[in-house]
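# Observations on chain architecture
This is what each chain is made of:
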Amino acid sequence: MQKIVKPGDVFVTRHQYALTNLFLPGFWPHSAMYIGTEAEREEVGINIPKPLLVKWQGDICTFEALKDGVLLRTLENTLSVDGFVILRPTISQNGINKAIERILDHEGKKYNFDFDFFRSDRLVCTELSYRAFDEIEHIKIQLKERAGRPTLSAEDLCDLAIETDMFNAIAIFGVDNVARVITDQQDVRKLLIASYK
C-alpha cells in the first residue's frame, strides 16, 4: 500500500465482525487519513508544530480517531481490516498540505462517542476528513442529519467519490471476494458502488 497511497488520501474501512457495525450505518463504517511518512512530509513541505515531530516519525503515517482517541498511527495498524477503499481528494498539493496541517491540531483529543460535529474537543473518525478538507478549494462537504443531528458517515465520503469530483476512488480491497488490491479506477468505482449501493 505504501506505493499507492499519498498524503491526504482517505481510507474508508470495514472490520467484518466488529461490534460497531451494529451501530454505525452502512457497509463501510470507519475512516482514517494517510498523512505520509517523514520523507513524504518533508518532500511536499507539510509544516507541523514541533511537539508533533517527536510523534510523527518512524512507521507513523496515518491519523485516525478510535475509541482510544485521535492519534497518529502506523499504516499496519490502520489497515488491519477486512476491507478498505482509498479516496484521493482532487485538490492541489498546497490544498493537501493545508488540510493535513489543520487536522493535526486535533492530535491527542478524545473520541466523540456522542457523534457531535459541533464540538471540537472530541472527534469521530469521519470528522477528521470533514475538518481537514471542507472548504478547501472546490471541496464542500455537506453534513446529513441522522438521529436529529448533522453527521458524516464513512459512506457519505464514498458518495463524494462516486457522485462528485471532490474525491476519486483509487484502490479497493476485500469486497466481492477481492483478495488483492484493485487499482484500475473503473473497476474500483464499480466494486465500490456494488459494495453498498
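It should be noted that the structure appears before, not after, this text.
Here's a quick rundown of the structure. (Residues numbered from 1 in each chain as written. Predicted model: local features only at pLDDT ≥ 70, side-chain atom pairs only at ≥ 80, totals over all residues. Heavy atoms only, no water.)

Turning to the sheet that holds strand E2 (residues 30-34), a few remarks are in order. A sheet is described by the order of its strands in space; here six strands give the open sequence E4-E3-E2-E1-E5-E10, paired in antiparallel fashion. Taken across any chain shown, the strands that pair with only one partner, and hence form the sheet edges, are strand E4 (69-74) and strand E10 (167-173). For this sheet, the mean angle separating the axes of adjacent strands, direction not counted, is 25°. Where strand E5 (residues 83-89) lies against E10, six bridges are found, and the strand directions are antiparallel. Looking at the pairing, Ile 86 lines up with Ala 171 of E10. Against the sheet, helix H7 (residues 185-196) touches E5 and E10, its axis set at about 80° to E10. (Pairing = 2+ DSSP bridges. Helix = DSSP H or I, 4+ residues; strand = E, 2+ residues; numbered from the N terminus. Axes fitted to C-alpha atoms, helices over the stretch in contact; angles between N-to-C directions. Contact = heavy atoms within 4.5 Å.)

Next up on the list: helix H5 (residues 125-133). Taken across its nine residues, H5 has eight buried, putting it largely inside the fold. Within the span of H5, buried status applies to Cys 125, Thr 126, Glu 127, Leu 128, Ser 129, Tyr 130, Ala 132 and Phe 133. A positive backbone phi angle near 75° is found at Glu 135, which sits one or two residues after H5. (Buried < 20%, exposed > 50% of the residue type's maximum accessible area, 1.4 Å probe, protein only.)

Across all of its chains, the model carries seven aromatic pairs by this definition. Seen from their ring centres, Phe 27 and Trp 28 are 5.1 Å apart, and the 85° between their planes marks the pair as edge-to-face. We classify Trp 28 as buried; its relative accessible area is 0%. One residue, Arg 14, lies across the ring of Phe 27, its end atom 4.3 Å from the ring centre. Stacked on the ring of Trp 56, the Lys or Arg Arg 41 has its end atom at 4.8 Å from the ring centre. (Phe/Tyr/Trp six-rings, centres within 6.5 Å; stacked < 30°, edge-to-face > 60°. Lys NZ or Arg CZ within 6 Å of the ring centre and 35° of its normal.)

Residue position: Asp 9 is located in the segment before strand E1 (10-14). From its side chain, Asp 9 meets the backbone nitrogen of Lys 6 in a polar contact 2.9 Å long. (Polar contact = N/O pair within 3.5 Å; in protein donor to acceptor, adjacent residues only side chain to side chain.)

Here the focus is the environment of Asp 114. Mapped onto the elements, Asp 114 comes out in the loop between strand E6 (110-111) and strand E7 (122-123). The exposure class assigned to Asp 114 is partly exposed, which follows from its relative accessible area of 47%. The spatial distance from the C-alpha of Asp 114 to the C-alpha of Val 124 is 8.6 Å, given a sequence separation of ten residues. Ignoring anything within four residues of it in the chain, the contact list for Asp 114 reads Arg 119 and Arg 149.

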